[in-house]
Amino acid sequence: MDRCLNSSKHTDRIWLSLTSYLRRKSMAPEGRASRIRERKKLEEEVDNVWTVNGKSNLNVIGVGSGTGEVDLRIFSGLHQKYPEMTVDNVVIEPTPQQLNNYKDLVSQSPGLDYIKFNWNKMTAEEFEKQWKEKKMTEKADLILMFEMLYFVKDPGATVNFFHSLLKKNGQLLITLVSEKSSVVKIQNDFCDHPEVRRSTANIKPFLDSKGLSYRCYELPAQLDITKCFIEGDEEGEMMIDFLTQVLHFSKTASPKQRAGFMEFLRSPEVSVKSNGKVFMISKHEVVVLIKTDNK
């Protein structure tokens, strides 16, 4: 039986588990403050792209854009600051429901006429294949890869390809679980597929080996994991799947593994209790790659 969550066979479960993880991350006491810090940092980086390029239009590629909420908040914040700004936004999202939700959000949000959308229901790998087959040459000022490298086959190759699509002084923005996060410890101990473990530990050595210019910002985060302790709770089980990267971990792991996992979640170095809820202490990072040449 294929127990690896990161598999093309389990697209729906991947989406549901990631959605559950992000929702519970935002519901933690630190969640709103963490989102504000992250958005502010991302807006600062996009502002840098705007300032360096000194033009009125941004060519953007959103890879794994999900429902588009983060992307649109960044665009809206910048448009308030620079009303003359226009955006050509290529959206890459493989999950139909996510892509439809993004389109619905656009249709329900007034004042987005400065953004031109190019919708693509496909994976990052499919986009790369199409790009090469069509011998496309367009370049981007900005590429956004928020919380999506968990689900590609080769994170290094994916980053390398999209980095090659940047114009000189363009930026690739990545958000990902930090190598210092408790999530990494969970996957190291409970996921028997080393190739699917994802954190900045997978990315930084690759960037260094390629001599790519980048900088990182660590952001503290919390995750409401209360439902993980409710036996049979569907959302709790989806969160557990995401944390371990194991499909239906609660049902397929041995009793010893399950007990060890729950004990680890309860440990004081991993979680804290507040108002009857349990919150995992986590860390995320923003990784900013800067294109320094025209190659």
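See the structure printed just above.
Small disclaimer: the values here were computed from a predicted structure and weren't measured. (Residues numbered from 1 in each chain as written. Predicted model: local features only at pLDDT ≥ 70, side-chain atom pairs only at ≥ 80, totals over all residues. Heavy atoms only, no water.)

Quick word on the pairing of strand S4 (residues 140–146)
Part 1: Of all seven residues that make up S4, seven are buried, and the element is covered over most of its length.
Part 2: Here three bridges tie strand S1 (residues 57–63) to S4, and the two strands are oriented parallel to one another. The residue bridging Ile-61 from the neighbouring strand is Ile-143, located in S4. (Buried < 20%, exposed > 50% of the residue type's maximum accessible area, 1.4 Å probe, protein only. Helix = DSSP H or I, 4+ residues; strand = E, 2+ residues; numbered from the N terminus. Pairing = 2+ DSSP bridges.)

Some words on the packing of helix H7 (residues 182–190) against helix H9 (residues 234–244)
Part 1: Direction vectors running N to C along H7 and H9 enclose 80 degrees, while the axes themselves pass 8 Å from each other. Accordingly, the angle class assigned to the pair H7 and H9 is roughly perpendicular. Listed contacts from H9 to Val-183, Ile-186, Gln-187 and Phe-190 of H7 are Phe-242, Leu-243 and Thr-244.
Part 2: Within the contact of H7 with H9, the residues separate by chemical class into five nonpolar, two polar and no charged. (Axes fitted to C-alpha atoms, helices over the stretch in contact; angles between N-to-C directions. Parallel < 35°, antiparallel > 145°, perpendicular 65-115°, else oblique. Contact = heavy atoms within 4.5 Å. Nonpolar A, V, L, I, M, F, W, Y, C, P; charged D, E, K, R; others polar.)

Some thoughts on the pairing of strand S5 (residues 166–177)
Part 1: The element S5 is largely enclosed, with a buried count of nine among its 12 residues.
Part 2: Relative to S5, S4 runs parallel, the two sharing six bridges. Note that in S5 the partner of Phe-146 across the bridge is Thr-175.
Part 3: Handedness of the crossover joining S4 and S5 through helix H6 (residues 155–164): right-handed.
Part 4: Here S5 runs beside strand S8 (residues 277–290); their pairing, made up of seven bridges, is antiparallel. Across the sheet, Thr-175 pairs through a bridge with Val-286, a residue of S8. (Right-handed = clockwise from strand over helix to strand, strands pointing away.)

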